[in-house]
Amino acid sequence: MRTYLEFALKKFQNKMVYRLDFFMGMINTLITIAVYLCIYKALYGNASVIDGVTYKMVATNFVIALGLSQAFTFNEMFMQDKIKDGSITNEFLKPVSFKLRMLSENIGEGLFKVVFHFFPALILTCLYTDICMPKSFANLVFMLLSMMLGYLVLWLISFIVQTWSFWLFSVWGIVTIKNVFINILSGSLLPLWFMPRPLKTMISCTPFESIYFTPVRIYLGQLSGMDIFKAMMIQCGWILVLYLTGNIFWKQGVKKLVVQGG
Amino acid sequence: MEHMIEVSHVKRYYKVAKREQGMGNSIRHLFKRKYEIKRAVDDVSFTIKKGEIVGFIGPNGAGKSTTVKMLSGILYPDDGSVKIDGFIPYKQRKQYVKNIGVVFGQKSQLNWDLPLIESFELMRYIYKIPMDLYEENLHQFTELLDMEDFLYQPVRQLSLGQRMRGDIVAALLHSPKIVFFDEPTIGLDVVAKEKIRNFIRYMNQKNDTTIIFTTHDMQDIEKICERLIIIDSGKKIYDGSIQDIKNRYTSIKNIKLILEDGRKEMRTYDTSKKPMNQIMEEIFRENQVKDISICETEIDEIIRDIYEGSSRILSSEL
Ligand SMILES: Nc1ncnc2c1ncn2[C@@H]1O[C@H](COP(=O)(O)OP(=O)(O)OP(=O)(O)O)[C@@H](O)[C@H]1O
Ligand SMILES: [Mg+2]
């Protein structure tokens, strides 16, 4: 465990080396928030409620989803790069689990973005717009828990796609398409409340809803009691399914791995 | 004595997509590919005892790196078996790699953005190295390899030779029982090379570490190891001591001549075919000799001879 914590910390430190990156990232986040909030504001016009959803809820959804998506962004070319330049050998030469190592580094990277890009931007945002507070303290706690599960769902989807680089020369295209799907279907751009009903039903059968939307709904108090529990069980279910799928690809891939160079 | 490393009938083939030039062929290539099988390692067997240092050489593309990759557990052999210290490397990878250290001279394992010392720290966690051992090794290695100056510099700023030393230390901090070096001296200056050679010898003597290393520098071979394995086109063509291979060449002499008119000449003779007496007679009869020197064949030359397959003497025995 200590080893993996160290991976995360080292990645975090690694990121701090690039100072410019830090400022640009923060400004970028700030602009993104400002632009989207303006768009939502314009959409709402004078109406205070659309489809039973207030502007404040939309703004909250957006800000949280953005925060999560920052925590949830990581280098998705990680595996491909390692396979391509052959440095995956370095990973295999260490008595550590490659998957856990990748996960911990990704978490370190996400944490960096949340702390240095998102939090400063969030504080500034709160100065000119008000967003919803969590329904209750318990909701906040459950939201954090559900958020971690959401992270795993997202990470595992990415992991599966990344394992395809054992067979494909480039997974960039697939990763991009995957991310478009995730952005649309997970409700991080347009909240799922506004999706047409059939689409909404369809999405609820996919893992996408589990990523951002479940934590946001818990935060806002749209889910409560048993529903929270049920939503989290669904998240866990997806984690299991995705993990097993990813593992199959991983095992097959490692077998056929051809280490380049040397 | 029991064998530390047992390699028997190992094969590794690569499937290489064959590509023809031209636009038409490139498009055709998208749909239908022709594959070619490349026998990178083709039925290689050998055993190595604990504490041995073995130089593993062969021309470019002979299959050295591929073999090292199989020994270190990152490639599955297509056929045959590898057993090292009781482990099957590619099957029991996580357990196995605790016991080994690997340095790929052409690839760094260090964290590009962090100072060298932090990469070493990370090794301490990865291998769960006890603090006292870590400090002892770190201290000793950095002193032997003369690294105090750049320990705190980010790896991306290091020169090739500095980085290589960093890589070697990183791979050995956990005092592995077996070490594989794939071209540890590539691109280094004479002083750095010498340091690394001494270091490798020192590791071997101090801890009885079993070491395999590949190189293209025959000086490395002469100075570090006693035993030599030569492979070519995936096949083992020599396995024995360096002295042995030299002995087989003792009858080959290089004779350097400086003639009266200032011309220099270099001739090679085989004294087992023609006695020295006769050679000298011929030389003196035909030339006006100002100066003459007789040299043994250099190891470089011997190896070149073997690679070129013209093995004047070895051919009969191999
Ligand atoms: N990933 C790969 N895909 C296809 N062929 C490969 C691959 N890696 C190596 N080969 C081929 O296998 C053969 C052996 O390669 P290897 O890297 O083991 O040689 P080497 O002995 O290390 O050579 P060098 O001294 O140049 O490093 C070469 O002919 C090479 O072209
Ligand atoms: Mg090589």
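Residues numbered from 1 in each chain as written. Chains lettered and ligands numbered in written order. Predicted model: local features only at pLDDT ≥ 70, side-chain atom pairs only at ≥ 80, totals over all residues. Heavy atoms only, no water.

Colleague: Explanation requested: the overall build of chain A in the structure shown.
Modeller: Along the backbone of chain A there are 11 helices and two strands. Secondary structure elements in chain A, listed N-terminal to C-terminal, are α-α-β-β-α-α-α-α-α-α-α-α-α. Since a compact globule built from 262 residues should have a radius of gyration of about 18 Å, the 19 Å found for chain A is in line with a globular shape. Here the C-alpha coordinates of chain A stretch approximately 65 × 40 × 35 Å along the principal axes. Scored against the burial criterion, the 262 residues of chain A give a buried share of 53%. In chain A, the share of contacts with a sequence separation of at least 24, taken over all contacts with a separation of at least 6, comes to 81%. A gap of 3 Å separates the mean positions of the 22 positive and 12 negative side-chain charges of chain A. (Helix = DSSP H or I, 4+ residues; strand = E, 2+ residues; numbered from the N terminus. Rg over C-alpha atoms; globule rule 2.2 N^0.38 Å. Buried < 20%, exposed > 50% of the residue type's maximum accessible area, 1.4 Å probe, protein only. Contact = heavy atoms within 4.5 Å. Lys, Arg positive; Asp, Glu negative; His and termini not counted. Charge placed at Lys NZ, Arg CZ, Asp CG, Glu CD.)

Colleague: What's the story with the sheet that holds strand β2 (residues 34-49) of chain B in this structure? I'm lost.
Modeller: All names here are of chain B. Taken in spatial order, the three strands make up an open sheet running β2-β1-β4, and their pairing is antiparallel. Pairing within the sheet leaves two strands with one partner each, and these edge strands are β2 and β4 (79-84). Across the sheet, the mean angle separating the axes of adjacent strands is 25 degrees when strand polarity is ignored. Inspection of the sheet shows strand β1 (residues 3-18) paired to β2 by 13 bridges, in the antiparallel sense. In the strand pairing of β2, V10 is matched with V44. (Pairing = 2+ DSSP bridges. Axes fitted to C-alpha atoms, helices over the stretch in contact; angles between N-to-C directions.)

Colleague: What is the right way to read the packing of aromatic side chains from this model?
Modeller: Residues and elements named next belong to chain B. Under the definition given, this model contains 25 aromatic pairs over all chains. Ring centres 5.4 Å apart and planes at 45 degrees place the aromatic pair Y76 and Y90 in the tilted group. Taken together, the residues span a long stretch of sequence, with Y76 in the loop between α2 (64-71) and β4 and Y90 in the loop between β4 and α3 (93-96) at a distance of 14 residues. For Y76, a relative accessible area of 27% translates into the label partly exposed. (Phe/Tyr/Trp six-rings, centres within 6.5 Å; stacked < 30°, edge-to-face > 60°.)

Colleague: Whenever I open this one, α2(B) confuses me. Can you help?
Modeller: Along an α-helix, residues three or four positions apart point the same way, because every turn accommodates 3.6 residues. Residues and elements named next belong to chain B. When you tally the buried positions in α2, you get eight out of eight residues, the bulk of the element. Residues of α2 that are buried include every one of K64, S65, T66, T67, V68, K69, M70 and L71, and no others. Remark: G73 follows α2 within two positions and exhibits a positive phi of approximately 85 degrees.

Colleague: Honestly, helix α7 (residues 190-207) of chain B in this entry has me stumped. Any pointers?
Modeller: All names here are of chain B. Taking 1.5 Å as the rise per residue, α7 with 18 residues should run 26 Å; its terminal C-alpha atoms sit 26 Å apart, in good agreement. Within α7, burial applies to A192, K193, I196, R197, F199, I200, M203 and N204. For α7, the arc enclosing every buried residue in end-on projection is 160 degrees, short of the 170-degree limit, so these residues lie on one face. Away from its buried face, by an angle of more than 90 degrees, α7 presents the exposed residues V190, V191 and Q205. As for α7, its buried residues are in contact with β3 (53-57), α5 (131-144), α6 (160-172), β6 (178-182), β7 (210-214) and α8 (218-224). (Expected span 1.5 Å × (residues − 1). Arc of directions from axis to C-beta.)

Colleague: Hey, could you run me through the sheet that holds strand β10 (residues 252-259) of chain B in this one?
Modeller: Sheets are built from strands that pair by backbone hydrogen bonding, the pairs being arranged parallel or antiparallel. Residue and element names in this part refer to chain B. If you walk across this open sheet you meet the three strands as β11-β10-β12, and the pairing is antiparallel. With partners counted over all chains shown, the strands left at the sheet margins are β11 (264-270) and β12 (289-296), one partner each. When strand polarity is set aside, the average angle formed by the axes of neighbouring strands in this sheet is 20 degrees. Sheet topology note: the β10/β12 ladder contains seven bridges and is antiparallel. When the bridges of β12 are listed, L257 appears paired with I292.

Colleague: Looking at this model, I keep getting lost on the interface of chain A and chain B. Mind explaining?
Modeller: It is common to give the size of an interface as the accessible area lost on bringing the parts into contact. If you look at the interface, chain A gives 29 residues, while chain B gives 31 residues. On the chain A side of the interface with chain B, the three residues burying the most area are A:K10, A:L93 and A:P95, jointly 25% of the side's total. Our count for the chain A to chain B interface comes out at one salt bridge. For A:K10, the salt bridge is made with B:E118, and the minimal N-O distance between the two is 3.7 Å. The interface formed by chain A and chain B contains five residue pairs in polar contact (both at pLDDT 80 or more). (Buried area = accessible area lost by both parts, 1.4 Å probe. Salt bridge = Lys/Arg side-chain N within 4 Å of Asp/Glu carboxyl O. Polar contact = N/O pair within 3.5 Å; in protein donor to acceptor, adjacent residues only side chain to side chain.)

Colleague: I'm lost on a nonpolar patch on the surface in this one. Help?
Modeller: On the surface, A:L20, A:F23, A:M24, A:I27, A:I31, A:V35, A:I39 and A:L43 cluster together into a nonpolar patch covering about 800 Å² of accessible area. Checked against the element boundaries, A:I27 lands in helix α2 (residues 19-44). (Patch = residues over 30% accessible without salt bridge, like charges linked within 9 Å, V, L, I, M, F, W, Y side chains within 5 Å. Areas by Shrake-Rupley, 256 points an atom, 1.4 Å probe, with all protein chains shown as cover.)

Colleague: Any chance you could explain the layout of surface pockets here in plain terms?
Modeller: In this approach a probe as big as a water molecule rolls over the atoms, and the regions it shows empty are the leftover space. Taken as a whole, the second largest pocket holds about 740 Å³ of empty space. Contributing to the lining of the second largest pocket are 26 residues, with A:K82, A:S87, B:L110, B:N111 and B:W112 lying nearest its centre. Secondary structure elements with two or more residues in the lining of the second largest pocket: α1 (2-16), α4 (78-84), α5 (88-92) and α6 (98-128) of chain A together with α4 (116-126) of chain B. Of the residues assigned to the lining of the second largest pocket, the class counts are six nonpolar, nine polar and 11 charged. (1 Å grid on protein atoms, 1.4 Å probe; cavity = no way out; pocket = protein on both sides within 12 Å on 5 of 7 lines; lining within 4 Å. Points joined across faces, edges and corners; volume = space filled by probe spheres on them. Nonpolar A, V, L, I, M, F, W, Y, C, P; charged D, E, K, R; others polar.)

Colleague: What is the right way to read empty space enclosed by the protein from this model?
Modeller: All chains considered together, the criterion is met by one cavity of 30 Å³ or more. Lining the largest cavity we find A:L93, A:K94, B:I100, B:G101, B:V102, B:Q109, B:M123, B:Y127, B:D167, B:A170 and B:A171. Mapped onto the lining of the largest cavity, the elements with two or more residues apiece are β5 (100-104) and α6 of chain B. Of the residues belonging to the lining of the largest cavity, the class tally is seven nonpolar, two polar and two charged.

Everything listed here is a matter of geometry and, on its own, says nothing about what the molecule does.
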